[in-house]
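Structural description and commentary
Residues per chain, in single letters:
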Amino acid sequence: MSRRLILTRVAAASILALGLSGCTAANDAADPAADAAASGSFPVTIEHAFGETTIDSQPARVVAWGWGSADDAIALGVIPVAIPFQSYGGDENGVLPWIAEALTGEKMPVVLPDTQEPPYEDIAAAAPDVILAAYSGITEQEYDLLSKIAPVVAYPGEAWATPWRDLIEITGTALGKTDEASALLTSIDTEIADQAAAHPEFAGKTIALTSDSAGSFYVYKKHDPRVDFTLDLGFVSAPAVDELATDEASFYYTLSYEQLDQLGSDLLVNFGSTQEESDAFLAASYAQAMPQVQAGTVASPVGAAFITSVSPPTGLSLSWGLEDYVALLAAAVK
């Protein structure tokens, strides 16, 4: 679709959204966000990769795009009016299990179409006061187009790489829920610390997190959210992860199968969407060359929902998958 056509359609959709906002004003009193008391002050200005965004008043209608923002908003007591379709880990309607559980008995938000480019018309039709995309891959052009609909909170640094704690804080600031965000982080940190204390065998063990998919072997770097959270359990990133890195700008890199024997660590975590995929990796000749596979110190999280809950985690998903994840790590270490 051409940029001119997108602009025309966004403008038309924005006019529709203005009309809808008038129609929905009477319903806002029943909106959880509308009744929530702000713990932050407005206006607030949030800096991000494309500049800065000012939110004049506490948003009542929130649209989430990308990953994690919907989870964090719900964890902070704000139910978005629209959320992204999650094909990996979601159900047939694109809803992740921890969102479905958290919203039991509540009206489910509109699930946006499963598209790579933001569905501008659908987002505009939701009449948002703010669009949360702080963990996403939107481009500057897409940011500009979305900004014609409502203030957009984009990612602070690289696309798809916002640390999960930062995402909770950003979401809390945007929604006027700074106190709630601090309380949520404290609760999660306590939960992680309790798990670390229960497993002193994790302390100081080197770890590498990987996945083998469609003929490519991915290694996740230390600043990737799934690695950062796992290190909080007491592990340290294996030196080989940095030594073999080929792309300083990304949160991951691909490693040739011929080099896998060089990726040494006390523990290897290899994510597999299915049991068949996980078994195929462990049986492959290139995996058999790895010291962790030879020693049996491999943790294999399996299943889209389980993997998604911890890679990367969110304010809602981390608690959902933490216990099972730790159990896998403990079994592999032993």
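Relative to the assigned elements, Thr 104 resides in the loop between α4 (97-102) and β5 (110-111). At a separation of 2.9 Å, a polar atom in the side chain of Thr 104 contacts the main-chain carbonyl oxygen of Glu 101.

Before going further, it helps to examine unusual backbone geometry. That bond from Phe 42 to Pro 43 is cis: its omega, 0°, falls within 30 degrees of zero. For the bond running from Ser 311 to Pro 312, omega is -5°, close enough to zero to count as cis. Examined against the element boundaries, Pro 312 turns out to sit in the loop between α14 (304-310) and α15 (317-333). At Ala 127, a position not held by glycine, the phi torsion is positive, near 50°. With respect to the helices, strands and loops of the structure, Ala 127 is situated in the loop between α5 (120-125) and β6 (130-133).

Counting buried residues in strand β12 (residues 267-271) gives five out of five residues, a clear majority hidden from the surface. Side-chain alternation along β12 places Leu 267, Val 269 and Phe 271 on one buried face and Leu 268 and Asn 270 on a second face that is also buried. The pairing of β12 with strand β13 (residues 298-299) spans two bridges and is classified as parallel. In the sheet register, Val 269 faces β13, and the bridge partner there is Ala 299.

Okay, the nonpolar core next. Counting 30 residues, the largest nonpolar core has Val 269, Tyr 325 and Leu 329 as the members making the most contacts within it. Listing elements by their share of this core, those giving two or more residues are α7 (164-175), α8 (178-198), β8 (206-213), α9 (225-231), β12, α14 and α15. No other element matches the seven residues that α15 contributes to this core. When near neighbours in sequence (up to four residues on either side) are disregarded, Tyr 325 contacts Leu 209, Phe 229, Thr 230, Val 269, Phe 271, Pro 301, Phe 306 and Val 310. Membership of the second largest hydrophobic core comes to 27 residues, among which are Ile 46, Ala 70, Val 78 and Ile 79.

This part is about the packing of α7 against α8. Running from amino to carboxyl end, α7 crosses α8 at an angle of 155°, the nearest separation of the two axes being 7 Å. Accordingly, the angle class assigned to the pair α7 and α8 is roughly antiparallel. The two elements α7 and α8 meet at a crossing, and its hand is right-handed. Only Thr 178, Ala 181, Leu 184, Leu 185, Ile 188, Asp 189 and Ile 192 of α8 make contact with α7, whose side of the interface consists of Trp 164, Arg 165, Ile 168, Glu 169, Gly 172 and Thr 173. Classifying every residue of the contact of α7 with α8 gives seven nonpolar, three polar and three charged.

Right, let's talk about the side chain of Ser 300 for a bit. Along the chain, Ser 300 falls in the loop between β13 and α14. Ser 300 has contacts with Asn 270, Ser 278, Leu 282 and Leu 328, leaving out every residue within four places of it along the chain.

Turning our attention to the packing of aromatic side chains. Using the criterion set out here, one finds eleven aromatic pairs in the structure. Grouping aromatic residues by their ring pairs yields a cluster made of Phe 217, Tyr 257, Phe 281 and Tyr 286.

Between the first and last C-alpha of α8 there are 30 Å, a value that for 21 residues agrees with the 30 Å anticipated at 1.5 Å per step. Inspection of α8 places Ala 181, Leu 184, Leu 185, Ile 188, Ile 192 and Gln 195 among the buried residues, and these make up the whole buried set. Down the axis of α8, the buried set is contained in an arc of 100°. They therefore lie on one face. Among the exposed residues of α8, those oriented more than 90 degrees off its buried face are Asp 179, Asp 194 and Ala 197. For α8, the elements touching its buried residues are α3 (69-75), α7, α9 and α15.

Summarising the element assignment, Gln 275 is placed in helix α11 (residues 275-283). Residue classification places Gln 275 among the partly exposed positions, given a relative accessible area of 41%. Through-space distance from the C-alpha of Gln 275 to that of Val 302 is 6.1 Å; in sequence the pair is 27 residues apart.

Definitions and limits used
- Residues numbered from 1 in each chain as written.
- Predicted model: local features only at pLDDT ≥ 70, side-chain atom pairs only at ≥ 80, totals over all residues.
- Heavy atoms only, no water.
- Helix = DSSP H or I, 4+ residues; strand = E, 2+ residues; numbered from the N terminus.
- Polar contact = N/O pair within 3.5 Å; in protein donor to acceptor, adjacent residues only side chain to side chain.
- Buried < 20%, exposed > 50% of the residue type's maximum accessible area, 1.4 Å probe, protein only.
- Pairing = 2+ DSSP bridges.
- Core = buried A, V, L, I, M, F, W, Y, C linked by side-chain atoms within 4.5 Å.
- Contact = heavy atoms within 4.5 Å.
- Axes fitted to C-alpha atoms, helices over the stretch in contact; angles between N-to-C directions.
- Parallel < 35°, antiparallel > 145°, perpendicular 65-115°, else oblique.
- Left-handed = near helix turned anticlockwise from the far one by under 90°.
- Nonpolar A, V, L, I, M, F, W, Y, C, P; charged D, E, K, R; others polar.
- Phe/Tyr/Trp six-rings, centres within 6.5 Å; stacked < 30°, edge-to-face > 60°.
- Expected span 1.5 Å × (residues − 1).
- Arc of directions from axis to C-beta.

Any functional reading would require information beyond the geometric quantities listed.
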